[in-house]
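# Fold and geometry: a report
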Amino acid sequence: MLENQLLKIAEDFGSPVYVYDAEKIEAQYNRLTNAFSGVKKLKLNYAVKALSNISILKLFNKLGSGIDTVSLQEIELGLKAGFKPQQIIFTPNGVSLAEIEEAAKLGVEINIDNLSILEQFGTKHPNIPVCIRINPHIMAGGNANISVGHIDSKFGISIHQIPHILRIVENTGMTINGIHMHTGSDILDIEVFLYASEILFDTAKQFKNLDFIDFGSGFKVPYKEGDIETNIEELGKKLTAKFNAFCKEYGKDLTLAFEPGKFLVSESGYFLTKVNAVKQTTSTVFAQVDSGFNHLIRPMFYGSHHDIINISNPNGSERFYTVVGYICETDTFGSNRRIKEISEGDVLCFKNAGAYCFSMASNYNSRFRPAEVLWYNNEAHLIRKRETFDDIIKNQIEVDFSEKKEKELAK
Ligand SMILES: Cc1ncc(COP(=O)(O)O)c(C=O)c1O
């Protein structure tokens, strides 16, 4: 998107505001699809947790995607957005059997990552086929919080417990129709996927009724100039060859599934904030914006980098700034950044704001969550209103501490 289009959106819709470029989402979707065009049956299930606005889900539905969900509410959103239950996979972690049964009732594909739940579910519902999430014990991904396939991770059933899974399958008569893994986010090295795929193929051989193998996600996107990203095209070529060879050996054309979040939406997103104050201290110059980690937690949560540009002064000279929010804890978006000279009232644009940004936003400090806008067909569409005080107070219940009430109670 062009900077002047973003600036106009900040003027028209106010700040802070999230903006998503539909064209970029479509381009990423097509890029991934094309990279795997050599696979007979490919299924992309967009990971709803990355960005769950219903208009974004409808866009993915239009593109032909399925969705990956982690809560009943995400399933409901998906159904409301027009996805059929068969287009939805439920990959929760640490939820109750009751929640999984509820999801199964809705007719979605169930992905189980826990032996105890697998046994209970299989005993009660042997006729509902399920997928199993395998933990391949691979240390992959960026920050430790987003690396989820290693031996100490809570996710998935260990590959060393396959015999146990097979026993459960035999004892309950249940069917395993899919094998899944997700090792982490921000995986740069495609060898990780290829290595993990060997583990999955080995595992898959032990299950005779598979329909699909789901390789999860974790593709790394570029965050700044010169950043390297997962080479999707090369991965496509190499994994396609391995997958097709495996299908031949298995004797069936299985579906190859992925569930990307970041790859599909990260770069489509822009977060626009206004500078409340420029504060010179003895050590740095702070640009204080009308937002904080309540709206964009990734830098404080796991040290993520978001490029920050001043779209109000694109031709100014550069200076160094530390960009901070208004939350009453340390609330730093970026330290010592080279940004075009900032004046109070300028609009700063945070890039890569599509994935895990709005979807992780909160009302901390009793602030309103921002508006969201979709740039589609060269027009700005408001897809979520900025919250108001009614949203902050609507579920709160006031206790009557009045003297009159106290007297009434004392009677
Ligand atoms: C099971 C699962 N699948 C897919 C994703 C999406 O990962 P990414 O956004 O890195 O593509 C996640 C992210 O946490 C996940 O936990």
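Quantities reported herein were computed from a predicted structural model and do not represent experimental measurements.

Cut-off values and rules
Residues numbered from 1 in each chain as written. Predicted model: local features only at pLDDT ≥ 70, side-chain atom pairs only at ≥ 80, totals over all residues. UniProt positions renumbered as here; feature names shortened; annotations may be inferred. Helix = DSSP H or I, 4+ residues; strand = E, 2+ residues; numbered from the N terminus. Buried ≥ 20, exposed ≤ 12 C-beta atoms within 10 Å, placed from the backbone. Axes fitted to C-alpha atoms, helices over the stretch in contact; angles between N-to-C directions. Parallel < 35°, antiparallel > 145°, perpendicular 65-115°, else oblique. Contact = placed C-beta atoms within 7 Å. Nonpolar A, V, L, I, M, F, W, Y, C, P; charged D, E, K, R; others polar. Expected span 1.5 Å × (residues − 1).

Turning next to the UniProt feature "active site" (unreviewed entry) in the chain. Per the UniProt record, the feature "active site" (unreviewed entry) sits at Cys328. Along the chain, Cys328 falls in the loop between β14 (318-324) and β15 (332-340). By C-beta crowding, Cys328 is classed as exposed, having 9 other C-beta atoms within 10 Å.

Direction vectors running N to C along helix α2 (residues 22-35) and helix α9 (residues 232-250) enclose 30 degrees, while the axes themselves pass 8 Å from each other. By the angle between their directions, the pair α2 and α9 is classed as roughly parallel. Taking contact as the criterion, the partners of Arg31, Leu32 and Ala35 in α2 are, on α9, Ile232, Glu233, Leu235 and Gly236. In the contact of α2 with α9, the residues fall into four nonpolar, one polar and two charged.

The subject of this paragraph is α9. Residues that lie three or four places apart on an α-helix share one face, since the helix turns once every 3.6 residues. The terminal C-alpha atoms of α9 lie 25 Å apart, and with 19 residues this matches the ideal 27 Å at 1.5 Å per residue to within 8%. Within α9 the residues assigned to the buried category are Leu235, Gly236, Leu239, Phe243 and Cys247. Along its buried surface, α9 packs onto α2, α8 (190-204) and β10 (255-258). Of the residues trailing α9, Gly251 is marked for its positive phi of about 90 degrees.

This part covers the pairing of strand β1 (residues 17-21). In terms of burial, β1 is largely enclosed, as five of its five residues are buried. Judged by which residues are buried, β1 turns out to be covered on both faces: Val17, Val19 and Asp21 on one side and Tyr18 and Tyr20 on the other are all buried.

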